[in-house]
Amino acid sequence: MNNAFMYDVTPYVAEIYDQSETYTDDVELIQTLIQGSERLHILEPFCGTGRILIPLALAGHTIVGLDSAAGMLLRARGKIQNLDTATRSKISLIQANVVEQNWPPNFDLVILGGNCFYELSSPEEQEQCIMHAASALKPGGHLYVDNNHMEGELDLAWQIPGIRAGFPTGICADGASVESWTETIWFDVPNRLAKFRRLTKVTFPDGKTIEREYFQQKHPVSATEVQSWLEAHGFRIEKLYGDRKGSPYTAKSDRAIFWAKKV
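For the structure given in this document, a descriptive report is provided here. On a predicted model such as this, the values are computed, not experimentally measured, just so you know. (Residues numbered from 1 in each chain as written. Predicted model: local features only at pLDDT ≥ 70, side-chain atom pairs only at ≥ 80, totals over all residues. Heavy atoms only, no water.)

Section: the environment of R197
- Relative to the helices and strands, R197 resides in strand β9 (residues 193–203).
- Considered as a pair, R197 and D84 are 113 residues apart in the sequence and their alpha carbons are 42 Å apart.
- Ignoring sequence-local partners within four residues, the contact set of R197 consists of I163, W181, T182, E183, I185, E213, Y214 and F215.
- At a separation of 2.9 Å, a polar atom in the side chain of R197 contacts the side chain of E213. (Helix = DSSP H or I, 4+ residues; strand = E, 2+ residues; numbered from the N terminus. Contact = heavy atoms within 4.5 Å. Polar contact = N/O pair within 3.5 Å; in protein donor to acceptor, adjacent residues only side chain to side chain.)

Structure follows, in structure tokens:
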């Protein structure tokens, strides 16, 4: 598994993450899918700073968030502290390696959202998350899986050479700046794999700087792969969407969003 070093460089990185990840359409889709259900016990691996889990807790559900990045969880805890007491009591956060460690059991819903599979380096690790989800869910529980959609070979956009500006980049509330660059250093076209060298520089308000270099491998998952993993590990696919508005999936869809039931 790729490490979470980028998110732990400084708390500023999580702040920039929150500036860029402001969409809510996936939360709205999840709320539509569970509309009419009793208050659910929900697990969100890769929970980050709480963009998904906080609205679900505000809606009355009990939710556990898992993440390997201490920096992301620190920012999530800061936001949770600003909630009312009843909502705070519904949220638990756990720092964990979601591939190597077992997930807690007896959940009604597991959420693998926000392109979280990009945090994983291989299809084997991605399938492992499907297996963990099956173990974490009660019989009849549901799994939400939401990823960008790429079938066939590695898209040309993933094969571009040279150094380019990347995430995270931005200005924080106190004036600190975060700059990042990404360089593709290797790719495997048939197997849809790519490795990147990434650089992050943080300039603090007093002018001091820190720079970090780290490496990641990514595998843009296909709908075909996710379907095969779900079927192999005891799920029945109930819905497959091509976007977060709930449009039907097609081969040209930008996303592949699965709603599957543990049977």
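A short note on the pattern of salt bridges
- Overall, the coordinates contain 11 salt bridges when judged by the stated rule.
- A salt bridge links D146 to R255, with the nearest nitrogen and oxygen atoms 2.8 Å apart. A residue pair is termed long-range when its members are at least 10 positions apart, and D146 in strand β5 (residues 137–148) and R255 in strand β12 (residues 255–262) qualify at 109 residues. Of the two residues, D146 and R255, both sit in the buried class.
- One network of salt bridges, in which partners are shared, links D25, D146, R244 and R255. (Salt bridge = Lys/Arg side-chain N within 4 Å of Asp/Glu carboxyl O. Buried < 20%, exposed > 50% of the residue type's maximum accessible area, 1.4 Å probe, protein only.)

As for the nonpolar core
- Within the largest apolar cluster, 30 residues are counted, with the highest numbers of intra-cluster contacts made by W103, V110, L112, F117, I130, L143 and F235.
- Broken down by secondary-structure element, the contributors of at least two residues to this core are β2 (62–67), β4 (107–112), α6 (123–136), β5, α7 (223–232) and β12.
- Broken down by element, this core gets its largest block of residues, 5 residues, from α6.
- The residues contacting F117, other than those within four sequence positions of it, are L112, Q126, C129, I130, V145, N147, V221 and W229.
- Formed by 26 residues, the second largest nonpolar core is a distinct cluster that contains V27, I91, L93 and I257. (Core = buried A, V, L, I, M, F, W, Y, C linked by side-chain atoms within 4.5 Å.)

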